[in-house]
Amino acid sequence: MVTAEAQAVTAVTLAPQLSSYLYMAHPTWYTSVDGDPHFIISVPQKEDAICFNINENPGAVLNLINDPVTGITVNGELIGDKRANTDAKIQNTYFGKLGIANKHLDLKLTVTPEKITIQNGNEKTGFTWLDSVTLQQEGLTLIINRKKNLVLSMGTGASFVIVLHEVWKKHPLHQDFLGLYTLESDKLSEQTHGLLGQFFHPIDFTILEVHPGSDPKKPDATMIIKNKELTVTRGWQKDYRRGPKQGVDIPCWFVHNNGAGLIDGVHTDYIVPSLF
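(A) Quick peek at the state of the cysteines. Taken as a whole and assessed by the stated rule, the structure comprises one disulfide. Disulfide pairing is shown between cysteine 51 and cysteine 252; the S-S distance is 2.1 Å. Because the sign of the S-S torsion sets the handedness, a value of about 75° for the bond joining cysteine 51 and cysteine 252 places this disulfide among the right-handed ones. Placement of cysteine 51 in strand β3 (residues 48–53) and of cysteine 252 in strand β18 (residues 248–255) is noted, with a sequence separation of 201 residues between them.

Given below as structure tokens:
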């Protein structure tokens, strides 16, 4: 396991180091959201992870990270499949647009599966996923790895990896979508919150009474966390940080019902009116 100290990179030296940082052989500890919003929360001291899904309607914007001290916020807008599955109680949703802002630097980055737009004050710069770019300007480092992912660092805060998931254009249901991975979250303040941000602080849990569940490959258990008892299921989620076609299975304890009992409040508390 690579230590957190060894992973640390500064914004100044980000460009040459981050490409190797992204492609290390072993998955490193981080928090992320990808797929049908699958949230993965690393718990390094346990060498384990907790995961949960958020089921919400397409068009909803969720606050993922909000740090009032560094001024960094990350929001994500959900999209659905091309047409609703009438047989399913819960519709598939994914992040189709991400908005990352640093209000102290007056910087906004909007990412969709089609394009990447940077707004710096009144100046706008646009790229597509067909570009290969390394951009460094005051308070911002952006690396676009063509048709794969982008790496972003704003100011002295955390770095983010956004993964592009492209599906077959003629697929009857699915659309292209995005995944978000947070690196160096310890550079954000203790006041950081949001569906992901609240887990940048150390979290502890205890697992009791592991027993067979409805799926023989996925046992159930009781998790003691935040002085609550939750029923959880052992499963796994994919880590696509190395690329959309290079998913690594991350074992985790799955918390049901939109993370109820794990997240602060309820998931609808995190719905915000717009991307910025």
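So that's the structure; there's more coming.
(B) Layout of the pairing of strand β1 (residues 31–34). Covered by surrounding structure in β1 are Thr31 and Val33 together with Ser32 and Asp34, the residues of both alternating faces. With three bridges joining them, β1 and strand β14 (residues 177–183) adopt antiparallel strand pairing. By the bridge assignment for β14, threonine 31 is matched with threonine 182. Where β1 lies against strand β2 (residues 38–43), four bridges are found, and the strand directions are antiparallel.

(C) Summary view of the pattern of salt bridges. A complete count under the given rule lists five salt bridges for this structure. For aspartate 48, the salt bridge is made with arginine 234, and the minimal N-O distance between the two is 3.0 Å. Of this pair, aspartate 48 sits in strand β3 while arginine 234 sits in strand β17 (residues 228–239), and the two are 186 residues apart along the sequence. For aspartate 48, a relative accessible area of 14% gives the class buried. Judged by relative accessible area, arginine 234 falls into the partly exposed class, the value being 21%. Here aspartate 249 makes a salt bridge to lysine 238, at a shortest N to O gap of 3.1 Å. In this pair, aspartate 249 sits in strand β18 while lysine 238 sits in strand β17, placing the two residues eleven residues apart along the sequence. By relative accessible area, lysine 238 is classed as partly exposed at 36%.

(D) Fine view of the environment of threonine 73. Secondary-structure assignment places threonine 73 in strand β5 (residues 72–80). The class of threonine 73 is partly exposed, set by a relative accessible area of 23%. Distance from threonine 73 to alanine 101, taken between C-alpha atoms, is 5.3 Å for residues 28 residues apart in sequence. Not counting chain neighbours up to four residues away, the residues in contact with threonine 73 comprise Ile65, Asn66, Gly99, Ile100 and Ala101.

(E) Spotlight on unusual backbone geometry. Even without being a glycine, aspartate 106 presents a positive backbone phi close to 55°. Among the secondary structure elements, aspartate 106 is positioned in the loop between β6 (93–102) and β7 (107–111). Under the relative-accessibility criterion, aspartate 106 is labelled partly exposed at 46%. Its identity is not glycine, yet lysine 226 carries a phi of approximately 50°, on the positive side.

Calculation notes
- Residues numbered from 1 in each chain as written.
- Predicted model: local features only at pLDDT ≥ 70, side-chain atom pairs only at ≥ 80, totals over all residues.
- Heavy atoms only, no water.
- Disulfide = S-S within 2.5 Å.
- Helix = DSSP H or I, 4+ residues; strand = E, 2+ residues; numbered from the N terminus.
- Buried < 20%, exposed > 50% of the residue type's maximum accessible area, 1.4 Å probe, protein only.
- Pairing = 2+ DSSP bridges.
- Salt bridge = Lys/Arg side-chain N within 4 Å of Asp/Glu carboxyl O.
- Contact = heavy atoms within 4.5 Å.

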